[in-house]
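Remarks on the overall topology
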Amino acid sequence: MNYRSDAPKILRDFLTYHETIKGHSQRTVDEYYLDLRTFFRYLKIHRGTVPRTTELEDIDIRDVDLDFVKTVTLSEVYEFLSFLSRDRIKNQHSREKEFGIGPASRARKIAAIKSFYKYLTVKAKLLQENPVQDLDSPKLPKTLPRYLSLSESQKLLSAVDGANRERDYCILCIFLNCGLRISEIVGLNLTDIRTDNLRILGKGNKERVVYLNDATASAINDYLVVRNGIQAQTSALFLSNRKLRISRETVHALVKKHLLRAGLDAEKYSAHKLRHTAATLMLQNGVDVRTLQEVLGHEHLNTTQIYTHVDNSELRIAASANPLGSFQPGNHRSASKEQLSSRPPEKGKTKT
């Protein structure tokens, strides 16, 4: 994707700022570009500067300038949100068209718009007032992360087989033991392997060290025997069949393949769910949430704390402490008699 040739200057400057000054990854910058391009295309249709019958993907935004963006109103952004939730096609390549993208996708686009206007007002100082300063993001549903149980994780690792067995097993082992993101696994180089740890380049180009347990170190060593025998023009740790750095798509595909081979639900679980699995298993086995934050590379503790709700022993104790916990309808009558017999006799009556 080449935003430098397709984006107007005002947008190119914003994207360059995020890439060079903020240190965001190319993938993040590309997502900003795509989200803002969709927004500008919508505005051109909404404002009637292009025929309303024009396909969104056919609209050129290279003429968007400061005069265009500074006239944006809050109501236009909310109308854009309405368009995303009702009329935007979910997947352009799908045979059956589904309309309306989810709240998480809408929230990401709103974040891009807010970041763009904050840059124009605070950093570039091209605007005196931020028209989207009071913009609210869509409310996201609070869902607990899905994860594999210990036995399901063992089943998945045991099912790995095929031409790339050592590579695939090593990737799954790192997912399940170290909790890496898919981008972090794809980005691993041979030089990132140390004696007992991996050097990880995470989100925002932040480095961290993840220590290896015996199983993961063994899986890496077994794979390195294969990897060192491959002549490749790249320092990437994990290679595709074409001897290039493995892609995110290939990792997604191999995870799904081995989930199916293990008899697990490949629709329910994904590569990212393996990261959730590692986090949950660590918490269940005594790792404190602060340490887990460091392992996962979370910037904020509240991101990590979602895992504390997955299997909280204190919640189990609270449920057991309820006095109704042992009540069963069949025992209702006898329990009532026992309670009556223990009551003191009423005045004027003797207990027989």
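Higher on the page you've got the structure.
As the structure is a computational prediction, the values presented were derived from the model and not from experiment.

Here we come to the side chain of Ser115. With respect to the secondary-structure elements, Ser115 resides in helix α6 (residues 103–123). Accessibility expressed as a relative area gives 15% for Ser115, which makes it buried. Every residue in contact with Ser115, bar those within four places of it in the chain, is listed here: Phe14, His18 and Tyr32.

Right, let's talk about the pattern of salt bridges for a bit. Any two side chains of opposite charge can pair, on the condition that their charged atoms come close. For the structure on display, the rule yields 16 salt bridges. In this structure, the salt-bridge partner of Asp168 is Lys257, at a minimum N-O distance of 3.9 Å. Here Asp168, found in helix α8 (residues 165–178), pairs with Lys257, found in helix α11 (residues 248–261); they are 89 residues apart in sequence, far enough to count as distant. Where Arg199 meets Asp192, a salt bridge forms, and the shortest distance between an N and an O atom there is 2.7 Å. According to the relative accessible area criterion, Arg199 is partly exposed, its value standing at 22%. Through salt bridges with shared partners, one network takes in Arg27, Glu31, Asp35, Arg108 and Lys109.

This part takes up the packing of α8 against helix α10 (residues 214–227). Helix-helix packing is characterised by the crossing angle of the two axes and by the distance between the axes. The interhelical angle for the contact between α8 and α10, taken along N-to-C directions, is 155 degrees, at an axis separation of 9 Å. In terms of orientation, α8 and α10 fall into the roughly antiparallel class. Relative to α10, the crossing made by α8 is left-handed. Of the residues in α10, those touching α8 at Glu166, Arg167, Tyr169, Cys170, Cys173, Ile174, Asn177 and Cys178 are Ala215, Thr216, Ala219, Ile220, Asp222, Tyr223 and Val226. Within the contact of α8 with α10, the residues separate by chemical class into ten nonpolar, two polar and three charged.

What counts and what doesn't
Residues numbered from 1 in each chain as written. Predicted model: local features only at pLDDT ≥ 70, side-chain atom pairs only at ≥ 80, totals over all residues. Heavy atoms only, no water. Helix = DSSP H or I, 4+ residues; strand = E, 2+ residues; numbered from the N terminus. Buried < 20%, exposed > 50% of the residue type's maximum accessible area, 1.4 Å probe, protein only. Contact = heavy atoms within 4.5 Å. Salt bridge = Lys/Arg side-chain N within 4 Å of Asp/Glu carboxyl O. Axes fitted to C-alpha atoms, helices over the stretch in contact; angles between N-to-C directions. Parallel < 35°, antiparallel > 145°, perpendicular 65-115°, else oblique. Left-handed = near helix turned anticlockwise from the far one by under 90°. Nonpolar A, V, L, I, M, F, W, Y, C, P; charged D, E, K, R; others polar.

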